[in-house]
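Commentary on secondary and tertiary structure
What follows is each chain in one-letter form.
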Amino acid sequence: MTSLSRARLALPEAIIAPGYDVRSVTPGIVHIGLGGFHRAHFARYTHDLMEIDPSALIWGIVGSGLRESDAALLAAMRAQDGLYTLVERDTAGETCALIGSITDAIDAFAESADLVAAIVRPETRIVSITVSEHGYNLDSATKSFWRDSPAVQHDLAHPGTPRTMPGVLVEALRQRRADGLGGITALSCDNIQHNGNILRASVLDLAELTDPTLVAWIDDNVCFPNSMVDRITPVATADEIAAFAARTGLADRVPVFAESFRQWVIEDRFAAGRPAWERVGAQFVSDVAPYEAMKLRLLNASHLAIASLGALCGYETIRETIGDPLIRRYMIRLMDAETGPTLPPVPGIDLAQYKSTLLDRFANPAIRDTVKRVNTDAPLNLLLDPWRDRLAEDASIELLSLGLAAWCRRVRNEAEALAATDQRLPTANIAYSALRALGDDPVAMLSVEPLFGAIGRDARLVSKVGYWLKCIADDGIAATLAQAKKRSLL
């Protein structure tokens, strides 16, 4: 079995080797949130640029993680000198490429000093972020910076040893200013609308609380471009990893499996230069908002809505779910009738073709993406944001309401299942603890302020969600979908 090492790179025939000397890659980027998506997306684009441009070798990536659960991945990445295999799959087959753009991995859960030091290095010019919405320490209802969270309170009391992503950035920027270094770019790659603006607000809010004099320096020296990222990247299972090793003869502990499709749209606002990612397929624009809205409203909202429906139907994968004729019709109608009409014009995009591509991607037989992954990762705001827009226009919200009713019922079922087996509810998941005891009363459910905010008190929303909750409770999800078809909603 072949092991991975930059000092001695010998690969099985099935693996495409880098076309550049992996020992020559030097770090210029620090990434916070080193998971499968970053390694399938950002690191892949950077690797591809290194393949065609030797000057890009200065843009190596130091990956890091702030969660206790990141430890095993980070240790494996360090043991493999940052190397890993990316397996890209579609109906035509698969390709396996060794990615060499990540040079190191830092476990910053217990001690963040090494991560801060990596950002402070003069060579570091970009810090990229993939930590999910939770990592920004946002109030779940208002989506503003949650100053009173326990993690933020720790960073306020101990700014030199931060535990949050904004805290790490504020401390690193403070040290860069003290050392007389220039600014950097903080590039969010998370599925949050206006992600760069949200990141900037979080950093500035925390800086105002810890060192108000730093705020003006950050404003003058740090850029926070918005971006839109897209690639379906399921979590690799132990069986998939073992099968990959047996098939290829490569002892890679952390391969990544992803679809072939990928997209990256970025606002071209960088403080200290950037890689020429446009040479390998990234799109630089002056305003990413239309593309961001397209992806969040059509892909992500659809993903979450059908994943809840699929879970209630007993499906395990997104492919099974979209293979259900009524759920497929639901997704098409949701995009055409409710989420799609909330979009601004998207330059250069054929929306009808984009929506058709989404259906094909969700049905990809080569990718085993689970409803559990989507339901675990996707924030509720993906459904609430288009709802707000539809309510403001006094437009139909029938399908969004069905999606939310399915979400509520699914969360309640999961909470009850955990309780029945004496498993503790996830303390960070407000939804489990809040919805478990509320039955199917839509007024009670939607009044949970941390989840729904003020929109949960809207009478139109309560009426529509209540209707679908009652249908699901009385007749089951299959009959509810059939009723939606009978009413010509699907």
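It should be noted that the structure appears before, not after, this text.
Okay, so let's go over this structure. (Residues numbered from 1 in each chain as written. Predicted model: local features only at pLDDT ≥ 70, side-chain atom pairs only at ≥ 80, totals over all residues. Heavy atoms only, no water.)

**Some thoughts on the overall build of the protein chain**
To be explicit about the condition: A helix here means a DSSP run of H or I that spans at least four residues, while a strand means a run of E at least two residues long, and both kinds are numbered starting from the N terminus. In this setup the radius of gyration rests on C-alpha atoms only. A globule is expected at 2.2 Å times the number of residues raised to 0.38. Accessibility here uses a 1.4 Å probe with only protein chains present; expressed as a share of the type maximum, an area under 20% marks a residue as buried, one over 50% as exposed, and anything in between as partly exposed. Here, two residues are considered to be in contact whenever any of their heavy atoms come within 4.5 Å of each other. Shrake-Rupley sampling with a 1.4 Å probe provides the accessible areas, and residues are treated as covered by the protein chains on show and by no other component. Neither His nor the chain ends contribute to the count of charged residues, in which Lys and Arg are positive and Asp and Glu negative. Lysine's charge is taken at NZ, arginine's at CZ, aspartate's at CG and glutamate's at CD.
Helix and strand counts for the protein chain come out as 21 helices and 11 strands. In terms of overall dimensions, the protein chain is globule-like: its C-alpha atoms have a radius of gyration of 23 Å, near the 23 Å expected for 490 residues. Taken over 490 residues, the protein chain has a buried fraction of 55%. A separation threshold of at least 6 residues defines the contact pool for the protein chain, and within that pool the share at least 24 residues apart is 75%. With the model as given, the accessible surface of the protein chain reaches about 19,500 Å², and the carbon-plus-sulfur share is 51%. Of the side chains in the protein chain, 49 bear a positive and 61 a negative charge, and the two mean positions are spaced by 3 Å.

**With respect to the nonpolar core**
Stated precisely, the cut-off is as follows: To form a nonpolar core, buried Ala, Val, Leu, Ile, Met, Phe, Trp, Tyr and Cys residues must be joined to one another through side-chain atoms within 4.5 Å.
The biggest cluster of nonpolar side chains holds 69 residues, and the ones touching the most others in it are Tyr 330, Trp 387, Leu 404, Trp 407 and Phe 452. Among the nonpolar cores identified, the runner-up in size contains 48 residues, and Ile 29, Phe 42, Ile 126 and Leu 250 belong to it.

**Considering the layout of surface pockets**
We apply this condition: Throughout, the protein atoms alone are placed on a 1 Å grid, and a set of points is a cavity if a 1.4 Å probe fits but cannot get out or a pocket if it is open with protein on both sides within 12 Å along at least five of seven lines; lining residues have an atom within 4 Å of a point. Grid points are joined across faces, edges and corners, and a volume is the space filled by probe spheres set on the points. By the convention adopted, Pro, Cys, Tyr, Trp, Phe, Met, Ile, Leu, Val and Ala count as nonpolar, Lys, Arg, Asp and Glu as charged, and the other residues, Gly among them, as polar.
Volume-wise, the second largest pocket comes out at about 200 Å³. In terms of lining, the second largest pocket is formed by 15 residues, of which the most central are Glu 133, Ile 192, Gln 193, Asn 381 and Asp 385. Mapped by element, the contributors of at least two residues to the lining of the second largest pocket are α10 (289-313) and α15 (381-392). The element contributing the most residues to the lining of the second largest pocket is α15, with 4 residues. Of the residues assigned to the lining of the second largest pocket, the class counts are 7 nonpolar, 4 polar and 4 charged.

**Here we look at the packing of aromatic side chains**
Selection criterion: When the centres of two rings from Phe, Tyr and Trp lie within 6.5 Å, Trp using its six-membered ring, the rings pair. Their planes under 30 degrees apart give stacked, over 60 give edge-to-face, and anything left gives tilted. Placement of a positive charge over a ring is assigned whenever Lys NZ or Arg CZ falls within 6 Å of the ring centre and within 35 degrees of the normal to the ring plane.
A full pass over the atoms with the stated rule returns 9 aromatic pairs. When the ring of Phe 42 is compared with that of Trp 264, the centres are 5.1 Å apart and the planes differ by 50°; the resulting orientation is tilted. Here Phe 42, found in helix α2 (residues 42-52), pairs with Trp 264, found in strand β10 (residues 263-267); they are 222 residues apart in sequence, far enough to count as distant. Like Trp 264, Phe 42 is buried. Seen from their ring centres, Phe 42 and Trp 277 are 5.1 Å apart, and the 70° between their planes marks the pair as edge-to-face. Taken together, the positions of Phe 42 in helix α2 and Trp 277 in the loop between β10 and β11 (283-285) put the pair 235 residues apart, joining distant regions of the chain. We classify Trp 277 as buried; its relative accessible area is 0%. A network of ring pairs unites the aromatic residues Phe 42, Tyr 45, Trp 264, Phe 270, Trp 277 and Phe 284 as a single cluster. When the ring centre of Phe 284 is taken as reference, the NZ or CZ atom of Arg 274 above it lies at 3.6 Å.

**Concerning the packing of helix α7 (residues 195-210) against helix α8 (residues 213-221)**
For the record, the criterion: Every angle, taken between N-to-C directions, lies between 0 and 180 degrees, and every axis is a line fitted to C-alpha atoms, over only the stretch in contact when it is a helix. Relative orientations are named as follows: roughly parallel for angles under 35 degrees, roughly antiparallel for angles over 145 degrees, roughly perpendicular for angles from 65 to 115 degrees, and oblique for any other angle. Crossing handedness is read from the near helix: turned anticlockwise from the far helix by less than a right angle, it gives a left-handed crossing, and turned clockwise, a right-handed one.
Contact geometry of α7 with α8 gives a least axis separation of 7 Å together with a crossing angle of 155°. Viewed along their axes, α7 and α8 adopt a mutual orientation that is roughly antiparallel. The way α7 lies across α8 gives a crossing that is right-handed. Across the interface between the two elements, Arg 200, Val 203, Leu 204, Ala 207 and Glu 208 from α7 touch Leu 214, Val 215, Ile 218 and Asp 219 from α8. Among the residues making up the contact of α7 with α8, the classes are represented as 6 nonpolar, no polar and 3 charged.

**Some details on the sheet that holds strand β9 (residues 256-259)**
Note: strands within a sheet are paired through backbone hydrogen bonds, in either parallel or antiparallel orientation. We count it as follows: Whether two strands pair depends on DSSP finding at least two bridges between them.
The strand order across the open sheet built from 3 strands is β4-β3-β9, with neighbouring strands paired in mixed fashion. A strand with exactly one partner marks an edge of an open sheet, and here the two such strands are β4 (93-99) and β9. Between one strand axis and the next, the sheet turns by 25° as a mean value, whatever way the strands run. Two strands pair when backbone bridges link them, and strand β3 (residues 84-90) and β4 are joined in this way by 7 bridges, in the antiparallel orientation. The partner of Thr 85 across the bridge, within β4, is Leu 98.

**Here we look at the pattern of salt bridges**
Rule in force here: What counts as a salt bridge is simple: a side-chain nitrogen of Lys or Arg found within 4 Å of a carboxyl oxygen of Asp or Glu.
Inspection of the entire model under this criterion finds 32 salt bridges. Between Glu 88 and Arg 44 there is a salt bridge, with the nearest N and O atoms lying 3.0 Å from each other. One end of the pair, Glu 88, is in strand β3; the other, Arg 44, is in helix α2, with 44 residues separating them in the sequence. For Glu 88, the salt bridge is made with Arg 231, and the minimal N-O distance between the two is 2.8 Å. Note that Glu 88 is positioned in strand β3 and Arg 231 in the loop between β8 (227-230) and α9 (238-248), a separation of 143 residues in sequence. For the residue pair Glu 88 and Arg 231, the accessibility class agrees, reading buried in each case. Several salt bridges converge on common partners, so that one network encompasses Arg 44, Asp 48, Glu 88, Arg 231 and Arg 262.

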